[in-house]
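# Structural characterization, general
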Amino acid sequence: MVLQNSGNRLARPHFDWPLCILTFALGIFGVIAVSITNFDPSLGSDRPLLMLITDSGNGSWQAIYLLISPIAIAGVMFFSYQFLGRIWPVLYGACCVLLVMALSARYMEGDTGTFSRWLTLIWDRTLQPSELVKIAVIISLSSELSRNEKPVPNVRYFIRLLVHVGVPMVLIILQPDIGTMLVLIVIFFTLLLAAGCSLKLWFGLLTSGIAALIPLGMYLARTENFRWMRLISFIDPHLYSDAGGYQMLHSMLAVGSGGLRGVGMFVDGTLTQLNYVPENHTDFIFSSIGETMGFIGAMLLLALYALLFYRMLLLAYNTPDRYGRLIIIGVMSMLMFHVFENVGMNIGVMPITGIPLPFISFGGSNLIANMGGVALVLNVTKRKRGVRRRY
């Protein structure tokens, strides 16, 4: 018996520096991008980049989140991924409790009309539990799908998996947070397929899920629900210019105005600086990148993402441990869907769902959760076990 792929460094336990470097390169890109959206021209632009960042309210906070992210990475890597797989009920349950606390936050404050997505922390900072839920679901689903030789051995186990994903999904829908709901669906279907689920069952479940959503869509369309208008506005943004199409039309114009090289990163009078696109520091930050950095800057960002996903794909391919491989694929699918959906809604080819751009959009919860996902991948590569085979 010999160790499979013993000559391949990626197949051996190691700390994957290329993945870590790519992640923090994206994080630094995000700090600069957020600072651009929060630029105050009265302070002048002929200052060092560090001063431009520290003088930006959102930019400085994003820098702080990035600086403390190694603590989150170290925390996730402190425990082996096998141990995290064994205690997944604790992680899963804690995240569900946080979701319930977020839902009841406004009720506790006397507002009984709406639910909340956030928990208020110190210094008026907030925590969005749904971001943490995505990581917990990746760990728990990967653990469950790797328990048996067949990922779905019987109907009872299949129902268990549906309940497993359904509980946090219902809590997230109540917030409501359609974007995170879609991310959980993508994670679920991707892990099922990667675990070896039969295509017949996979397509059957997908078809049933789509059919179940049709009545909901018809109801929302009949009541002209604002969130439904946001979802379908990408079909013809001009038709919904007073509702969901407003942000999309303005975003497309901002991206197109950047041209090849962009209009400049810290420039007075830009569409970004004038807040022409609502939420251009969070969900629509790609429009700011397209305007200020142009096609070259946007392609540089997408190239970094492509390298990140390619690296994760290589690591998954060279991870013989089924549980570890599913974790990597789960994290990759989560980040890839975020990028695909966010960039798509910024350029008018995908519906608006409120999904942030990983490592780039402003927000501590999203950045720390994404860093935690990368830390899971690093955890797997650091502690994975070799597979022996017979000759």
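Residues numbered from 1 in each chain as written. Predicted model: local features only at pLDDT ≥ 70, side-chain atom pairs only at ≥ 80, totals over all residues. Heavy atoms only, no water.

Here we come to the overall build of the protein. Across its full length, the protein holds 14 helices and 4 strands. Counting over 391 residues, the protein shows a buried share of 51%. Counting only carbon and sulfur atoms, one obtains 67% of the accessible surface of the protein, whose full area is about 18,500 Å². (Helix = DSSP H or I, 4+ residues; strand = E, 2+ residues; numbered from the N terminus. Buried < 20%, exposed > 50% of the residue type's maximum accessible area, 1.4 Å probe, protein only. Areas by Shrake-Rupley, 256 points an atom, 1.4 Å probe, with all protein chains shown as cover.)

Attention now goes to the packing of helix H6 (residues 129-145) against helix H8 (residues 178-194). Remark: H6 packs on H8, axes separated minimally by 10 Å, with the N-to-C direction vectors making an angle of 15 degrees. Classified by the angle between their axes, H6 and H8 sit roughly parallel to one another. Pair H6 / H8 crosses with right-handed handedness. Only Thr-180, Val-183, Leu-184, Ile-187, Phe-188, Leu-191 and Leu-192 of H8 make contact with H6, whose side of the interface consists of Ser-130, Val-133, Lys-134, Val-137, Ile-138, Leu-141, Ser-142 and Leu-145. (Axes fitted to C-alpha atoms, helices over the stretch in contact; angles between N-to-C directions. Parallel < 35°, antiparallel > 145°, perpendicular 65-115°, else oblique. Left-handed = near helix turned anticlockwise from the far one by under 90°. Contact = heavy atoms within 4.5 Å.)

In this section: a nonpolar patch on the surface. Together, Ile-64, Leu-67, Ile-68 and Ile-71 make up a nonpolar patch on the protein surface, roughly 410 Å² of accessible area in all. Secondary-structure assignment places Ile-64 in helix H3 (residues 57-78). (Patch = residues over 30% accessible without salt bridge, like charges linked within 9 Å, V, L, I, M, F, W, Y side chains within 5 Å. Salt bridge = Lys/Arg side-chain N within 4 Å of Asp/Glu carboxyl O.)

All told, the structure shown has 1 cavity of 30 Å³ or more when counted by the stated rule. Computed from the structure, the largest cavity encloses a volume of approximately 40 Å³. Taken together, Ser-35, Asn-38, Phe-39, Asp-40, Leu-43, Arg-47, Leu-52, Asp-55, Ser-56 and Phe-266 form the lining of the largest cavity. (1 Å grid on protein atoms, 1.4 Å probe; cavity = no way out; pocket = protein on both sides within 12 Å on 5 of 7 lines; lining within 4 Å. Points joined across faces, edges and corners; volume = space filled by probe spheres on them.)

Another aspect to go through is helix H11 (residues 245-257). Compared with an ideal rise of 1.5 Å per residue, which puts 13 residues at 18 Å, H11 spans 18 Å between its outermost C-alpha atoms and is within 8% of the ideal. For H11, every residue scored as buried is listed here: Gly-245, Gln-247, Met-248, His-250, Ser-251 and Ala-254. Taken from the residues just after H11, Gly-259 is the one with a positive phi, measuring 65 degrees. (Expected span 1.5 Å × (residues − 1).)

Here the focus is the environment of Leu-141. Turning to its location among the elements, Leu-141 is positioned in helix H6. Note: C-alpha distance between Leu-141 and Gly-330 (189 residues apart in sequence) is 9.0 Å. Ignoring any residue separated from it by four or fewer positions in sequence, one finds Leu-141 in contact with Leu-161, His-164, Val-165, Phe-188 and Leu-191.

By the secondary structure assignment, Thr-23 is in helix H1 (residues 17-37). For Thr-23, the residues in contact, after removing those within four places along its chain, are Leu-308, Phe-359, Met-371 and Val-374.

This part is about the layout of surface pockets. Here the second largest pocket is characterised by a volume of approximately 980 Å³. Together, 41 residues line the second largest pocket, and Trp-118, Thr-126, Gln-128, Phe-362 and Gly-363 are the ones closest to its centre. For the lining of the second largest pocket, the secondary-structure elements that each account for two or more residues are H3, strand S3 (126-127), H6, H8, helix H10 (226-232) and helix H14 (364-383). Top element by residues in the lining of the second largest pocket is H3. It accounts for 5 residues. For the lining of the second largest pocket, the residue count by class is 18 nonpolar, 14 polar and 9 charged. (Nonpolar A, V, L, I, M, F, W, Y, C, P; charged D, E, K, R; others polar.)

The subject of this paragraph is the pattern of salt bridges. A side chain of one charge can pair with a side chain of the opposite charge if their charged atoms are brought near each other. Following the criterion strictly, the structure yields 5 salt bridges and no others. A salt bridge links Asp-16 to Arg-311, with the nearest nitrogen and oxygen atoms 2.7 Å apart. In this pair, Asp-16 is assigned in the loop between strand S1 (2-3) and H1 and Arg-311 in helix H12 (residues 285-317), connecting sequence segments 295 residues apart. The pair formed by Asp-16 and Arg-311 is uniform in burial state, with each residue classed as buried. We note a salt bridge from Glu-144 to Arg-160, for which the minimum N-O separation is 2.9 Å. Taken together, the residues Glu-144 in helix H6 and Arg-160 in helix H7 (residues 155-173) connect sequence positions 16 residues apart. Exposure remark for Glu-144: the relative accessible area of 2% places this residue in the buried category. Three or more residues joined by partner-sharing salt bridges are found here, namely Glu-144, Arg-147 and Arg-160.

Right, let's talk about the packing of aromatic side chains for a bit. In total, this model carries 12 aromatic pairs according to the counting rule given. Centre to centre, the rings of Trp-202 and Phe-203 are 5.1 Å apart; their planes meet at 85 degrees, and the pair counts as edge-to-face. By relative accessible area, which is 14% here, Trp-202 ends up buried. One aromatic cluster is present, formed by Phe-188, Phe-189, Trp-202 and Phe-203 through successive ring pairs. (Phe/Tyr/Trp six-rings, centres within 6.5 Å; stacked < 30°, edge-to-face > 60°.)

Take Trp-88: it is sitting in helix H5 (residues 88-108). Trp-88 sits in the buried class, given a relative accessible area of 14%. For the pair Trp-88 and Ser-140, spaced 52 residues apart in sequence, the C-alpha separation works out to 5.2 Å.

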